[in-house]
Amino acid sequence: MTSSLHHRAIENLGTRIISGELPAGHLMLAEQLEVELKVSRSVIREAVRVLQSLGLVETTKRVGIRVLPASRWNPFDPQVIRWRLASNARGAQLRSLAELRAAVEPVAAELAAQNAPAPLRLELVDVAYAMRDAGNKGEVPRFLELDIHFHSLLLSGSGNEMFANLMGQVAETLTGRTVHGLMPDHPHEAALQWHVDVAEAISRGDAAAAREASDHIMRRTMSQMSDSWTEQPRVFIPVKRRAARAASG
């Protein structure tokens, strides 16, 4: 029960902050949140701790809980991504994720062709063909499951642990596009074939072909979704100046 209340409090506050209902600079008091959300002080305290870890709020003694601007949020956290995809900033979130994937996945495919272990290469081919089958049949839940698995294998197969740690973000992207009706029931045949092309190129160790096919996937993805972010503002993160190092000797 406590876990459920804790989750509810996080979801309530997180979605309201990211939607702008609780704007940057807004101040909240723990005792007010207890009454509003009908939960205990310990639940509020834990929820605030989680929101702090995501960069959504900060607490100040004798002042309260202050909502932070979008430039302070952790943009890589899957929970933040999910909340943004459910908000009126969906287009901006899709743009950021698409641009990130376009920069990373073709390189990951190239590296996977060079580095992936044999079992992963074989599994990737199997998943690609299963994706094509599910896509042609319009099996949306099955296709989503396979799509997430395919791109997770691709990132993992690169052998780059930083790429591999983007699996959660990619999963939230693909899930969000499906949940919010941005994925067709029957994916385009060319896109399905490009996934097969990526897998087969990785399987035979053809790095250039793997990168090219992955690039095709990402360019089509961005082209399909670009209308959703045309009018969405970008988030510019302030650059902090590093203190000059003291002269040595």
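Everything quoted here is computed from the prediction, not taken from an experiment.

**Student:** For this particular structure, what's the right way to read the pairing of strand S3 (residues 64-67)?
**Tutor:** As judged from the 2 bridges shared by strand S1 (residues 27-28) and S3, these two strands associate in the antiparallel manner. By the bridge assignment for S3, Met-28 is matched with Ile-65. Sheet topology places strand S2 (residues 57-60) next to S3; 4 bridges connect them, and they run antiparallel. Within S3, the residue paired with Glu-58 across the bridge is Arg-66. Counting the residues in the hairpin turn of S2 and S3 gives 3 residues, including Arg-62, whose phi is positive at 65°.

**Student:** I tried to follow the packing of helix H6 (residues 118-137) against helix H7 (residues 140-157) on my own but got confused; where do I start?
**Tutor:** In a packed pair of helices, the relevant descriptors are the angle between the two axes and the axis-to-axis distance. Running from N to C, H6 and H7 point in directions that differ by 155°, and their axes come no closer than 9 Å. In this view, H6 runs roughly antiparallel relative to H7, as classed from their interaxial angle. Considering only the axes of H6 and H7, their crossing is left-handed. In contact with Leu-120, Glu-123, Leu-124, Val-127, Ala-128, Ala-130, Met-131, Ala-134 and Gly-135 of H6, H7 contributes Arg-142, Phe-143, Leu-146, Asp-147, His-149, Phe-150, Leu-153, Leu-154, Ser-156 and Gly-157.

**Student:** Teacher, can you tell me more about the side chain of Ser-158 here?
**Tutor:** In this fold, Ser-158 is placed in the loop between H7 and helix H8 (161-164). By relative accessible area, Ser-158 is classed as buried at 3%. Apart from residues lying up to four places away in sequence, Ser-158 is in contact with Ala-108, Leu-111, Ala-112, Asn-115 and Phe-163.

**Student:** Teacher, can you tell me more about the nonpolar core here?
**Tutor:** Buried together is how nonpolar side chains tend to be arranged in soluble globular proteins. Among the nonpolar cores identified, the biggest contains 38 residues, and Phe-150, Leu-155, Val-198 and Ile-202 are the most heavily contacted of them. Listing elements by their share of this core, those giving two or more residues are helix H5 (90-115), H6, H7, helix H9 (167-179), helix H10 (189-204) and helix H11 (207-225). A total of 8 residues in this core trace back to one element, the largest contributor, which is H7. For Leu-155, the contacting residues outside a window of four places in its chain are Val-104, Glu-105, Ala-108, Asn-160, Phe-163, Ala-164, Leu-166, Met-167 and Val-170. Judged by nonpolar contacts, the second largest core, of 26 residues, contains Met-28, Leu-37, Ala-47 and Trp-73.

**Student:** What exactly am I supposed to notice about H10 here?
**Tutor:** Turn by turn, an α-helix covers 3.6 residues, leaving residues three or four places apart pointing in a common direction. Its 16 residues place the ends of H10 23 Å apart at the C-alpha level, agreeing with the 22 Å of an ideal helix rising 1.5 Å per residue. Packing partners of the buried residues in H10 comprise H5, H6, H7 and H11. Count one or two residues on from H10 and you reach Gly-205, which has phi positive near 80°.

**Student:** I'm lost on the pattern of salt bridges in this one. Help?
**Tutor:** Where charged atoms from two side chains of opposite charge come close, those side chains can pair. Going through the model one piece at a time under the given rule, you end up with 15 salt bridges. The partner of Arg-16 in a salt bridge is Glu-36, with the nearest N and O atoms 2.8 Å apart. In this pair, Arg-16 is assigned in helix H1 (residues 2-19) and Glu-36 in helix H2 (residues 30-37), connecting sequence segments 20 residues apart. Between Arg-219 and Asp-215 there is a salt bridge; the shortest N-O distance is 2.7 Å. Of the two residues, Arg-219 and Asp-215 are both situated in helix H11; the distance of 4 residues between them amounts to about one turn of the helix. Judged by relative accessible area, which is 25%, Asp-215 ranks as partly exposed. By sharing partners, the salt bridges in this structure join Arg-16, Glu-21 and Glu-36 into a single network.

Quick notes on the rules
Residues numbered from 1 in each chain as written. Predicted model: local features only at pLDDT ≥ 70, side-chain atom pairs only at ≥ 80, totals over all residues. Heavy atoms only, no water. Pairing = 2+ DSSP bridges. Helix = DSSP H or I, 4+ residues; strand = E, 2+ residues; numbered from the N terminus. Axes fitted to C-alpha atoms, helices over the stretch in contact; angles between N-to-C directions. Parallel < 35°, antiparallel > 145°, perpendicular 65-115°, else oblique. Left-handed = near helix turned anticlockwise from the far one by under 90°. Contact = heavy atoms within 4.5 Å. Buried < 20%, exposed > 50% of the residue type's maximum accessible area, 1.4 Å probe, protein only. Core = buried A, V, L, I, M, F, W, Y, C linked by side-chain atoms within 4.5 Å. Expected span 1.5 Å × (residues − 1). Salt bridge = Lys/Arg side-chain N within 4 Å of Asp/Glu carboxyl O.

Fair warning: the whole summary comes from geometry, so function is off the table for now.
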